[in-house]
Amino acid sequence: MANEKNVNGKEVLEGVGAAGASAEVVEVKEKTYAEEVAELEGFDDDEIIEEDKAEFTGLKVYRRPFKSKRTGKVYDSYFTKGKIRGREAEISLVPPDRKGYELLSIVFGDAKSVDLYSTDGSMKNSEGGYVNYTTYEVRVYEGDKMYSCKVKPENPSDKQMLLTVLEK
């Protein structure tokens, strides 16, 4: 049997019977993005429980330029603001990797702030328990096109302040 792609880009399996009669075509189910990620991280497809759609948190993410003392170059720092017990709290956010700073710059464009979205989900871990998680991303919509970049709190204290501001 040989795996091939049909005109729609879907993988099909083709086989010829023993007498060389007709070929049987079977469509193989395409994997979702979440299934591909889970497979790469060592989880089975059926261990993915659910992933909710991203929701606007009501918070804006801002950027502030700063000059590196070491290199003299100008970089951007990213943060959001919220009130905790009547005090203004500034929560530092970073992309998941160094290349993410370039993507954040693209997403922000000329804007000084963008919207922060969160996605809650859960999956089954290798020990049979469930792990709940929340991911954050900044988004900008231009017409029907969306630009986004994942972000995360920079420090454990930033994570705690963000959860407090979001009341989770």
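Per chain, residues are indexed from 1 in the order of the written sequence. Under the rules for a predicted model, residues below a pLDDT of 70 receive no local features and side-chain atom pairs below 80 are neither given nor counted, while totals for whole chains, interfaces and linings still include all residues. Calculated side-chain values reflect all of the structure's heavy atoms, with hydrogen atoms and water omitted.

A. Representation of the overall build of the chain within the structure. Across its full length, the chain holds three helices and 10 strands. When the helices and strands of the chain are read in sequence order from the N terminus, they spell out β-β-β-α-β-β-β-β-α-β-β-β-α. The buried share among the 168 residues of the chain stands at 27%. Contacts spanning at least 24 positions in sequence make up 46% of the contacts within the chain whose residues lie at least 6 apart. Throughout, the Shrake-Rupley method with a 1.4 Å probe supplies accessible areas, and for residues the shown protein chains are the sole cover considered. With the model as given, the accessible surface of the chain reaches about 12,200 Å², and the carbon-plus-sulfur share is 49%. Helix and strand assignments come from DSSP, with helices taken as H or I runs of at least 4 residues and strands as E runs of at least 2, each series counted from the N terminus. Think of it in three bands: residues with accessible area under 20% of the maximum for their type are buried, residues over 50% are exposed, and the middle band is partly exposed, with areas taken using a 1.4 Å probe on protein chains only. We call two residues in contact when some of their heavy atoms are within 4.5 Å.

B. Up close: the confidence of the model for the chain. Confidence scores labelled pLDDT are given residue by residue by the predictor and lie between 0 and 100. Predicted confidence across the chain gives a mean pLDDT of 81, with 70% of residues reaching 70 or more. At the low end of the mean pLDDT range in the chain sits strand E2 (residues 11-16), at 47; at the high end sits strand E7 (residues 87-94), at 96. Between residues 10-18, whose pLDDT stays under 50, and residues either more than four places distant or in other chains, the model counts 34 contacts.

C. Highlighting the pairing of strand E8 (residues 113-124). Taking burial as the measure, the 12 residues of E8 include nine buried ones, the bulk of the element. Sheet analysis places strand E5 (residues 55-67) next to E8, joined by five bridges and oriented antiparallel. Bridge pairing in E8 links Val61 to Val114. Here 10 bridges tie E8 to strand E9 (residues 130-142), and the two strands are oriented antiparallel to one another. Note that in E9 the partner of Thr119 across the bridge is Thr135. The antiparallel hairpin formed by E8 and E9 contains five residues in its connecting segment, where Gly128 sits at a positive phi of about 95°. At least two bridges found by DSSP between two strands are what make those strands a pair.

D. Structural view of the packing of aromatic side chains. Each Phe, Tyr or Trp ring (for Trp, its six-membered ring) is paired with any other whose centre lies within 6.5 Å, and the angle between the two planes then decides the class: stacked below 30 degrees, edge-to-face above 60, tilted in between. Inspection of every chain in the model, using the stated rule, returns five aromatic pairs. Here Phe56 and Tyr117 contribute two aromatic rings whose centre-to-centre distance is 5.5 Å and whose plane-to-plane angle is 55°, an arrangement assigned as tilted. Residue Phe56 is located in strand E5, and its partner Tyr117 is located in strand E8; the two are separated by 61 residues in the primary sequence. Overall, Phe56 belongs to the partly exposed group, its relative accessible area being 43%. Judged by relative accessible area, Tyr117 falls into the buried class, the value being 11%.

E. Fine view of the pattern of salt bridges. Throughout this description, the term salt bridge denotes a Lys or Arg side-chain nitrogen within 4 Å of a carboxyl oxygen of Asp or Glu. Taken as a whole and assessed by the stated rule, the structure comprises five salt bridges. Here Lys60 makes a salt bridge to Asp115, at a shortest N to O gap of 2.7 Å. Taken together, the residues Lys60 in strand E5 and Asp115 in strand E8 connect sequence positions 55 residues apart. On the basis of relative accessibility, which here comes to 35%, the residue Lys60 falls in the partly exposed class. Between Arg139 and Glu137 there is a salt bridge, with its nearest N and O atoms 3.0 Å apart. What makes Glu137 buried here is its relative accessible area of 10%.

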